[in-house]
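# Geometric and topological summary
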Amino acid sequence: MELTHIEHIGIAVSNLEASIKFYEEALGLKCYAIEEVKDQKVRTAFFKVGQTKIELLESTDPEGPVGKFIEKKGEGIHHLAFAVKNLPEALKSVEGKGVRLIDQQPRKGAEGLNIAFLHPKSTNGVLTELCEE
Ligand code: CMX
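Note that the structure is predicted; figures quoted are calculated from it, not measured. (Residues numbered from 1 in each chain as written. Predicted model: local features only at pLDDT ≥ 70, side-chain atom pairs only at ≥ 80, totals over all residues. Heavy atoms only, no water.)

## Section: the overall build of the protein
Basically, it comes down to this: Secondary structure elements follow DSSP: runs of H or I no shorter than four residues count as helices, runs of E no shorter than two count as strands, and numbering proceeds from the N terminus. Within these notes, the globule rule equals 2.2 Å times the number of residues to the 0.38 power, and the radius of gyration is based on C-alpha atoms. The classification of residues rests on relative accessible area computed with a 1.4 Å probe and restricted to protein chains. Under 20% of the type maximum is buried, over 50% is exposed, and intermediate values are partly exposed. Note on definitions: a residue-residue contact is assigned when non-hydrogen atoms from the two residues lie within 4.5 Å. Methods summary: accessible areas were calculated by the Shrake-Rupley approach with a probe of 1.4 Å, and residue burial reflects only the protein chains presented. Just so you know, the count uses Lys and Arg for positive and Asp and Glu for negative, and it drops His and the chain ends. Charged side chains are reduced to one point each, which is NZ for Lys, CZ for Arg, CG for Asp and CD for Glu.
Secondary structure assignment for the protein yields three helices and eight strands. Ordered by position in the sequence, the α and β elements of the protein form the string β-α-β-β-β-α-β-α-β-β-β. On C-alpha atoms alone, the protein measures out to a radius of gyration of 15 Å, which is about the 14 Å that the 2.2 N^0.38 rule sets for 133 residues. Across its three principal directions, the C-alpha atoms of the protein cover 45 × 30 × 25 Å. Evaluated residue by residue, the protein yields a buried proportion of 41% over its 133 residues. Contacts in the protein between residues far apart in sequence, at least 24 positions, make up 52% of those at least 6 positions apart. In the form shown here, the protein has an accessible surface area of approximately 7,600 Å², with 52% of it arising from carbon and sulfur atoms. Seen as two clouds, the 17 positive and the 21 negative side-chain charges of the protein have centres 4 Å apart.

Okay, here's the thing in structure tokens:
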């Protein structure tokens, strides 16, 4: 399997607009997209830093994955996403190495990417996403 780069870093925030302000005004980045991902119960905002994106995640439902995360841990880094060349093959490969998958098959994520998550209990506590354009 071939990881090509860090596609994005997902950051859980309580208030999307307030957090966008920090990234734009304090860090000088430009938010280029805001998108709701209904099945994940989040609203997302994207910034680019070189080849890597920052994805801010605001929960739209306290029972969604980001709502539960913020309730337990507060705001902060939520997941790390690697771009891979062949996602179905990458999933087979990591599963074959004993890694627990959250998604057995790729599904559609923000920005139309094919994505799949690996469980944080088998990735040293870091929720890990693999994605492919
Ligand atoms: N990073 C690290 N650990 C996490 C975590 C995260 N983001 N989210 C949950 N956990 C840990 C919890 O702390 C908990 O650990 P303990 O048992 O030691 O307390 C354990 O995982 C179980 O957590 P939970 O709150 O009971 O939640 P669930 O088991 O119901 O769900 C998870 C956890 C990771 C399976 C779920 O959040 C998930 O499926 N995530 C993938 C989808 C996702 O995060 N979508 C949002 C982003 C979408 C996008 O980018 O578009």
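The structure having been displayed, the exposition proceeds.
## Digging into the pairing of strand E4 (residues 52-59)
To keep it simple, the criterion reads: For two strands to be treated as a pair, DSSP must find no fewer than two bridges joining them.
Burial analysis of E4 places six of its eight residues in the buried class, which makes it a mostly covered element. Note: strand E1 (residues 3-13) against E4, six bridges, orientation parallel. Looking across to E4, one finds that Ile11 is bridged to Leu56. Sheet topology note: the strand E3 (residues 42-49)/E4 ladder contains eight bridges and is antiparallel. The residue of E4 that forms the bridge with Phe46 is Glu55.

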